[in-house]
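Here is how the chains run, residue by residue.
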Amino acid sequence: MALPQMETSSLIENIIEFIRERKGRRITRVDLSNIESSAASNFIICEGSSTTQVSAIADNIREQLLEQCGVKPYNYDGYQSSQWIVLDYGDTLVHVFLPDVRSRYNLEELWSDADIIEMPDID
């Protein structure tokens, strides 16, 4: 199993911290735990201003979770174009977007019946 037991809230807090370390913006948590048809219990969505930054954010999440928490993703995808990278941590999926790609797919609207929490940007 790729993931040792880790509190979901702790995982989410760490992910948000690691996004902020690479200046990720517009961080949103979508709590899908009350929606039966969802692929996961939580989405963490953020954006970077360039493909380089999108990759750097995703890399930082993967590297820091492994180093600090011993947690590896089950899978990840999107590095080929780095316009939308998804990291699969079981019940939590992390989506790192370019702004225009995020607008196009609009996951927050797609899951608008979920609890959506927008995190303030830290400059």
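Coordinates for the structure precede this section.
Below is a summary of the structure that appears in this document. (Residues numbered from 1 in each chain as written. Predicted model: local features only at pLDDT ≥ 70, side-chain atom pairs only at ≥ 80, totals over all residues. Heavy atoms only, no water.)

**Brief notes about the overall build of the protein**
Counted only if it meets this: The way it works is that DSSP assigns letters per residue, a run of H or I at least four long becomes a helix, a run of E at least two long becomes a strand, and they are numbered from the N terminus. Both definitions apply: the radius of gyration is a C-alpha atom measure, and the globule rule equals 2.2 Å times residues to the power 0.38. Burial classification: accessible surface area is computed with a 1.4 Å probe over protein chains only, and a residue below 20% of its type maximum counts as buried, one above 50% as exposed, and the rest as partly exposed. Residue contacts follow a heavy-atom distance rule, with two residues in contact if any of their heavy atoms lie within 4.5 Å.
Scanning the protein from terminus to terminus reveals 4 helices and 6 strands. Since a compact globule built from 123 residues should have a radius of gyration of about 14 Å, the 13 Å found for the protein is in line with a globular shape. Counting only C-alpha atoms and orienting by the principal axes, one finds that the protein spans roughly 35 × 30 × 30 Å. Residue burial in the protein is summarised as follows: out of 123 residues, 43% are buried. Sequence-distant contacts in the protein: of pairs separated by 6 or more residues, those separated by 24 or more amount to 62%.

**A closer look at the pattern of salt bridges**
Heads up, the rule is: The term salt bridge refers to a pairing of a side-chain nitrogen on Lys or Arg with a carboxyl oxygen on Asp or Glu at a separation within 4 Å.
According to the stated counting rule, one finds 5 salt bridges in the structure shown. A salt bridge links Arg25 to Asp121, with the nearest nitrogen and oxygen atoms 3.3 Å apart. Here Arg25 is found in strand 1 (residues 25–31), whereas its partner Asp121 is found in the segment after strand 6 (115–118), with 96 residues between them in sequence. A salt bridge links Arg102 to Glu47, with the shortest nitrogen-to-oxygen separation between them at 3.3 Å. On the criterion of sequence distance, the pair formed by Arg102 in helix 3 (residues 99–105) and Glu47 in strand 2 (residues 42–47) is long-range, its members being 55 residues apart.

**Things to note about the side chain of Arg102**
Looking at Arg102, the relative accessible area reads 3%, which means it is buried. The residues touching Arg102, leaving out its near neighbours within four places in the chain, are Arg25, Arg26, Thr28, Ile45, Cys46, Glu47, Phe97 and Glu108.

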